[in-house]
Amino acid sequence: VHKLLIDAANVSLKNFTVIVTEGRPTMSGLKCAKTLRQAGIPVRIIQDSAVGFFMEQVDMVITGAEGVVENGGVVNKIGTYQMALIAKACKT
């Protein structure tokens, strides 16, 4: 995900801000935010539980995955499915 966003920032002429969830309990989101900031990408860090509040401000959702299974399903930490449901509900 880091590489995708950094490449998009370097290639695209569009300005964008990334909203990153904390990624508890490993704090993977904070690590991601640090990497993106070092690349010059504006980042806003939010609590994992605040996804529903911020989703209406989002144009695109990108999430990492711990693994992808044969039928295309994604294995990930808790919260990814809920994020997808909220994104679908907010889709206009």
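A few points on the structure. All of these numbers come straight from a predicted model, not from anything done at the bench.

### As for the environment of A9
Along the chain, A9 falls in helix α1 (residues 2-11). Taking the C-alpha atoms as reference points, A9 and I41, 32 residues apart in sequence, are found 7.1 Å from one another. Excluding residues that lie within four positions of it along the chain, A9 makes contacts with F16 and I41.

### Some details on the pairing of strand β2 (residues 43-46)
Where strand β1 (residues 18-21) meets β2, four bridges bridge the pair, whose relative direction is parallel. Residue pairing across strands places V20 opposite I45, the latter belonging to β2. For the segment spanning β1, helix α2 (residues 28-38) and β2, crossover handedness is right-handed.

### Describing the pattern of salt bridges
Scanning the entire structure with this criterion turns up two salt bridges. The salt bridge involving D7 is made with K3; its shortest N-O contact spans 2.9 Å. Of this pair, D7 and K3 both sit in helix α1, four residues apart, which is roughly one turn of that helix. Take K3: its relative accessible area is 60%, and that puts it in the exposed class. With its nearest N and O atoms 3.0 Å apart, the salt bridge here joins R24 to E22.

The rules behind each value
Residues numbered from 1 in each chain as written. Predicted model: local features only at pLDDT ≥ 70, side-chain atom pairs only at ≥ 80, totals over all residues. Heavy atoms only, no water. Helix = DSSP H or I, 4+ residues; strand = E, 2+ residues; numbered from the N terminus. Contact = heavy atoms within 4.5 Å. Pairing = 2+ DSSP bridges. Right-handed = clockwise from strand over helix to strand, strands pointing away. Salt bridge = Lys/Arg side-chain N within 4 Å of Asp/Glu carboxyl O. Buried < 20%, exposed > 50% of the residue type's maximum accessible area, 1.4 Å probe, protein only.

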